[in-house]
Amino acid sequence: MNIDIWTWGTGGPFGRELGVVPERRRRGHTATSIIISEEGEDRGRGAHILIDAGAPCVEMMIEKGVSAPDLLFLTHPHFDHVSDLDRLANSRMRGLMVKNGVRDFKEAKSIFRPLAVVGAEDCLHHPKDGIRARFGYLEGLVRWTPISNYDLWQSVNLEGSIQPGQPQVRAEDLFSLEFKALPVRHSRHAPGSCLFIFRFGSEKKEDLQIRNVVISGDFKSMEDWVAESPDLLDPACIVLDSNTIRSKGNYHACLEENKARIHRWCSGDEEVLVLLNHLSGFGDYLEGFYDHVPDDDDWNAAADLAQKPKVTVRIAEDGGCYRLK
Ligand SMILES: [Zn+2]
Ligand SMILES: [Zn+2]
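Numbering of residues starts from 1 in each chain and follows the order in which that chain's sequence is written. Going through the entries in the order they are written, you letter the chains from A and number the ligands from 1. Selection of residues for local features in this predicted model requires a pLDDT of at least 70, selection of side-chain atom pairs for listing and counting requires 80 or more, and totals for whole chains, interfaces and linings are taken over all residues. Just so you know, side-chain values use all the structure's heavy atoms and leave hydrogens and water out.

Colleague: How would you sum up the pattern of salt bridges? Please name residues and give values.
Modeller: Each salt bridge in this description consists of a side-chain nitrogen of Lys or Arg and a carboxyl oxygen of Asp or Glu lying within 4 Å of one another. According to the stated counting rule, one finds 16 salt bridges in the structure shown. One salt-bridge network, held together by shared partners, links R25, R26, D296 and E317.

Colleague: Which residues make up the coordination of the zinc ion (ligand 2), and what are the values?
Modeller: For Na, K and Ca the donor cutoff is 3.2 Å, while for all other metals N, O and S atoms must lie within 2.8 Å; water is not among the atoms, so some sites may look incomplete. In this structure, D80 (OD), H81 (NE2), D218 (OD) and H278 (NE2) serve as the protein donors to the zinc ion (ligand 2), at separations of 2.1 to 2.2 Å. Considering all four donor atoms around the zinc ion (ligand 2), angles at the metal cover 87 to 170° and the coordination shape is irregular. Along the chain, the residues donating to the zinc ion (ligand 2) are arranged with the sequence spacing D-H-x136-D-x59-H. A separation of 3.4 Å is found between the zinc ion (ligand 2) and the zinc ion (ligand 1), both of which receive a donor from D218. Taken as a pair, H81 in helix α2 (residues 79–82) and D218 in the loop between β11 (210–215) and α7 (224–227) lie far apart in primary sequence, 137 residues in all. H81 sits in the buried class, given a relative accessible area of 0%. Burial here depends on accessible area, computed with a 1.4 Å probe over protein chains only, as a share of the maximum for the residue type. Under 20% is buried, over 50% is exposed, and the range in between is partly exposed. Residue D218 is classed as buried on the basis of its relative accessible area of 3%. Any site counts as irregular unless it has four donors with all angles between 85 and 135 degrees, making it tetrahedral, or four or six donors with opposite ones more than 155 degrees apart and the rest between 65 and 115, making it square planar or octahedral. Under the DSSP-based scheme used, a helix requires at least four consecutive residues in state H or I and a strand at least two consecutive residues in state E, with every element numbered from the N terminus.

Colleague: I'd like a description of the coordination of the zinc ion (ligand 1), backed by residues and values.
Modeller: Looking at the metal site, the zinc ion (ligand 1) is ligated by H76 (NE2), H78 (ND1), H186 (NE2) and D218 (OD), spaced 2.1 to 2.3 Å from it. Viewed at the metal, the four donor atoms of the zinc ion (ligand 1) are separated by angles of 89 to 165°, and the geometry they form is irregular. Mapped onto the sequence, the residues coordinating the zinc ion (ligand 1) show the spacing H-x1-H-x107-H-x31-D. The exposure class assigned to H76 is buried, which follows from its relative accessible area of 0%.

Colleague: Account for the sheet that holds strand β12 (residues 237–241), naming residues and giving values.
Modeller: One bridge is not enough; two strands pair if DSSP finds at least two bridges between them. On the basis of which strands lie adjacent, the open sheet formed by eight strands has the order β8-β7-β9-β10-β11-β12-β13-β14 and mixed pairing. Strands with a single pairing partner mark the edges of an open sheet, and in this sheet they are β8 (162–164) and β14 (311–315). Shown here is a sheet whose adjacent strand axes are inclined to one another by a mean of 25°, direction ignored. Pairing between strand β13 (residues 272–277) and β14: five bridges, direction parallel. Residue pairing across strands places L276 opposite I315, the latter belonging to β14. We call two residues in contact when some of their heavy atoms are within 4.5 Å. All axes are obtained by fitting lines to C-alpha atoms, using only the stretch in contact for helices, and the reported angles, taken between N-to-C directions, cover 0 to 180 degrees. Where helix α8 (residues 255–265) meets the sheet, its contacts fall on β12, β13 and β14, and the angle it forms with β12 comes to roughly 155°.

Colleague: Explain the environment of D231 to me, and be specific about the residues and the numbers.
Modeller: Along the chain, the position of D231 falls in the loop between α7 and β12. A residue is classified by how much of its surface remains accessible, and D231, at 16% relative accessible area, is buried. Residues D231 and R199 lie 32 residues apart in sequence; the distance between their C-alpha atoms is 9.8 Å. Among all residues touching D231, those that are not within four sequence positions of it are W153, K180, I197 and N212.

Colleague: For the packing of helix α1 (residues 57–64) against helix α3 (residues 85–100), give the residues involved together with the corresponding values.
Modeller: Any two packed helices are characterised by the angle at which their axes cross and by the distance between the axes. Viewed as axis vectors pointing N to C, α1 and α3 meet at an angle of 40°, and their least axial separation amounts to 9 Å. As judged from the angle between their axes, α1 and α3 are oblique. Contacts from V58, E59 and I62 in α1 reach R87, L88 and S91 in α3. Orientation labels follow simple angle bins: below 35 degrees gives roughly parallel, above 145 gives roughly antiparallel, 65 to 115 gives roughly perpendicular, and whatever is left gives oblique.

Colleague: So, the nonpolar core: which residues are in play, and what are the values?
Modeller: Residues enter a nonpolar core if they are buried and are Ala, Val, Leu, Ile, Met, Phe, Trp, Tyr or Cys, with the set joined through side-chain atoms within 4.5 Å. If you look at the biggest cluster of nonpolar residues, it comprises 33 residues, and the most contacted ones within it are W8, L72, L85 and I131. Ranked by residues supplied to this core, first place goes to α3 with five residues. The residues contacting L72, other than those within four sequence positions of it, are L50, D52, A53, L85, L88, L115, A116, V117 and V118. Residues I34, I49, F73 and V239 belong to the second largest nonpolar core, which totals 32 residues.

Colleague: Pulling in residues and values, what's your account of the pairing of β13?
Modeller: By the criterion of burial, β13 is predominantly enclosed, with six of the six residues buried. Every second residue of β13 is oriented toward a common face, with V272, V274 and L276 on one face and L273, L275 and N277 on the other, all of them buried. Across five bridges, the pairing between β12 and β13 is parallel. Within the sheet, the bridge partner assigned to L240 lies in β13 and is L276. Seen with its strands pointing away from the viewer, a crossover is right-handed when the path leading from the first strand over the helix to the second is clockwise. Assessed by its sense of winding, the connection that carries the chain from β12 through α8 to β13 is right-handed.

Colleague: I'd like a rundown of a negative patch on the surface, residues and numbers included.
Modeller: Together, E38, E39, E41 and D42 make up a region of like negative charge exposed at the surface. Mapped onto the fold, E38 is located in the loop between β2 (31–37) and β3 (47–51). Patch membership needs two things, relative accessible area over 30% and no salt bridge, and members are linked within 9 Å if like-charged or within 5 Å if nonpolar (Val, Leu, Ile, Met, Phe, Trp, Tyr). Computed by Shrake-Rupley with a 1.4 Å probe, the accessible areas treat only the displayed protein chains as cover when residues are assessed. Under the convention used here, Asp and Glu are negative, Lys and Arg are positive, and both His and the chain ends fall outside the count. The atom standing in for a charge is NZ when the residue is Lys, CZ when it is Arg, CG when it is Asp and CD when it is Glu.

Colleague: Give me the lowdown on the sheet that holds strand β15 (residues 320–323), citing residues and values where you can.
Modeller: If you walk across this open sheet you meet the seven strands as β6-β5-β4-β3-β2-β1-β15, and the pairing is mixed. Strands at the two margins of the open sheet, each flanked by one partner only, are β6 (142–147) and β15. Averaged over neighbouring strand pairs, the angle between their axes works out to 20° when direction is ignored. Bridge count between strand β5 (residues 115–120) and β6: six bridges; the pairing is parallel. Pairing of V118 across the sheet is with T145, part of β6.

Rendered as structure tokens:
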């Protein structure tokens, strides 16, 4: 079993600025995939869990030839995390029709299951700021699947049905997927903001131990009990919102603050891949830490974390693929 992390969009909500020669390559809105494949399977083929759906994730997935997502998790309802949701839902269904020779849309909807969209109750259903308030018309192409409990391991199958506790693994399942959501503080217009922790098991290969994968979503801070969760210790990979390098904004953690979190969560005994995501840097420019919006060289220089050689900190690339050990 192989686990690949794909980072489709790694930029902040605005990515680059109009009227300025772009010094930054990163422009996609936030979207990250976990793709689980069998040994020997082509990269990008397998069970596909997408976390957030910022544009142009669909176009990038098509370019890289990956399979359509089986499940979508949403960390919060901000625009830059859902800007490709309409395209994703429609393009997935159209892809299924073409692949299976179905020409009638109504018939397709009755044959192919909708894409399960998993998120905190408020993230999906908040009357004003929730996803359904804006994308309710996609019902049928998507199935809204609210999570009612934080800090609880829950299993989910590829049909999107969620159960508390250990998964019921069927003979045909390659793997089992469990997740938990932990609440984070972000913005009052992003109700139900959370981070996700995923863990994987394989009935067929009992010796295989793949450590947790943490996808932070956007956050300014988190309550102590969240930051102290043992499930955050020494994961195989953390995709971490780091909107600025030094500027302490109101809605996001900066890299300097995140370095303390990386130290706390990584003992140094295990190999951990930390991918810095949501790289805006506009606040660093506003506050005069840099005389330009930070570019890749600035981020790379700031991301250096020499004290723990087993911990690799990298800035995530748009369209980057990282295989976990
Ligand atoms: Zn946000
Ligand atoms: Zn964001």
